[in-house]
Amino acid sequence: MDKGFPDAVEPLPRDFFDRPAPEVAPALLGCVLAHETPEGVVAVELTEVEAYAGELDPASHAYRGKTPRNAVMYGPPGYAYVYFTYGMHFCVNVVCLPAGTANAVLLRAGRVIAGEDLARRRRSARRLVPDDQTPLRVLPARELARGPARLCQALAIDRAQNGLDFCDPASPLRLSGAASGAGTGASRTISAGPRVGVSAGADTNWRFWVADEPTVSAYRPHKARSR
DNA sequence: CGTCGGATAATCT
DNA sequence: GATTATCCGACGA
């Protein structure tokens, strides 16, 4: 048998995402996110996610209505909403609920289950300074997709993937159900807490993660900047 | 292990 | 002009 990425696994049905984000989010833990590029496939088992409830949620990008950036969130469920932030990072979401609403689940972290070498290459090749003599650090496996921007870098997700369909079997970006009997397996205790890095809505426990998973990112409260 | 400052630019007010 | 759904390296314990 091939130990690589299971191509035969079907993507999650669109109905799966036709629910409020706080309901979809915990259900996504343990599911498999894969991105196929000319370089190869990298796949992770999701270990940490966050729910954003659109216009009713002060922490959501859709809190102040539709804009060019968040337009995908107002579309049908099961599509990828990718945004650029902090001048250098990308984060990826899955859109929830029907068109006209703007719920989404932010995919925050995962455990690499396929394409580990490729993921490590992408995550290590950072500094592009010509004279940089800094030795390349060898990242532990748990660090490859530990955090939303790191996950995107390991899977090579950027602007080009905004709007792709997670439910299309032919899509290079796929989201499929938990592999039966594989990986972490049994211990599926889910924990919940406040979302990371948000200034508003920090009182809502819409961050969900797999308990005792080393790939879950560290919590850090939002910090206001002093000019 | 933990906390902290700086990087860096799209997006929105 | 201010803010940002973050990361990394530095430094202290």
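Residues numbered from 1 in each chain as written. Chains lettered and ligands numbered in written order. Predicted model: local features only at pLDDT ≥ 70, side-chain atom pairs only at ≥ 80, totals over all residues. Heavy atoms only, no water.

Student: Any details on the pairing of strand 4 (residues 89-96)? Residues and values, ideally.
Tutor: When you tally the buried positions in strand 4, you get seven out of eight residues, the bulk of the element. For strand 3 (residues 80-85) and strand 4, the ladder comprises six bridges, and the chain directions are antiparallel. Note on strand 4: the bridge partner recorded for Phe84 is Phe90. Both strand 4 and strand 5 (residues 103-114) contribute to a ladder of four bridges, which runs antiparallel. When the bridges of strand 5 are listed, Cys96 appears paired with Asn103. Between strand 4 and strand 5, which pair antiparallel one after the other, the connecting turn spans six residues, and Leu97 there sits at a positive phi close to 65°. (Buried < 20%, exposed > 50% of the residue type's maximum accessible area, 1.4 Å probe, protein only. Helix = DSSP H or I, 4+ residues; strand = E, 2+ residues; numbered from the N terminus. Pairing = 2+ DSSP bridges.)

Student: Can you lay out the protein's contact with DNA strand C for me, pointing to particular residues and giving the numbers?
Tutor: Surrounding DNA strand C, one finds 24 residues, the nearest of these being His61, Tyr83, Tyr86, Asn93 and Arg150. Sugar and phosphate atoms represent 54% of those atoms of DNA strand C found within 4 Å of the protein. Between DNA strand C and the protein, one listed contact pairs a phosphate oxygen with a side-chain N or O atom of Arg108 at 3.2 Å. One nitrogen or oxygen atom from the main chain of Pro148 is found 3.3 Å from a phosphate oxygen belonging to DNA strand C. Secondary-structure elements contributing two or more residues to the surface near DNA strand C are strand 3, strand 4, strand 5 and helix 4 (148-155). With three residues, the single largest contributor to the surface near DNA strand C is helix 4. Among the residues making up the surface near DNA strand C, the classes are represented as nine nonpolar, eight polar and seven charged. (Near = heavy atom within 4 Å. Polar contact = N/O pair within 3.5 Å; in protein donor to acceptor, adjacent residues only side chain to side chain. Nonpolar A, V, L, I, M, F, W, Y, C, P; charged D, E, K, R; others polar.)

Student: Talk me through helix 4; I want residue IDs and the actual numbers.
Tutor: Think of an α-helix as 3.6 residues a turn; residues three or four steps apart then line up on the same face. The element helix 4 is extensively covered by neighbouring structure, given that six of its eight residues are classed as buried. By the burial criterion, the buried members of helix 4 are Pro148, Ala149, Leu151, Cys152, Ala154 and Leu155. Where helix 4 is buried, its residues meet strand 1 (32-37), strand 2 (40-53), strand 4, strand 5 and helix 3 (116-124). Count one or two residues on from helix 4 and you reach Ala156, which has phi positive near 55°. (Contact = heavy atoms within 4.5 Å.)

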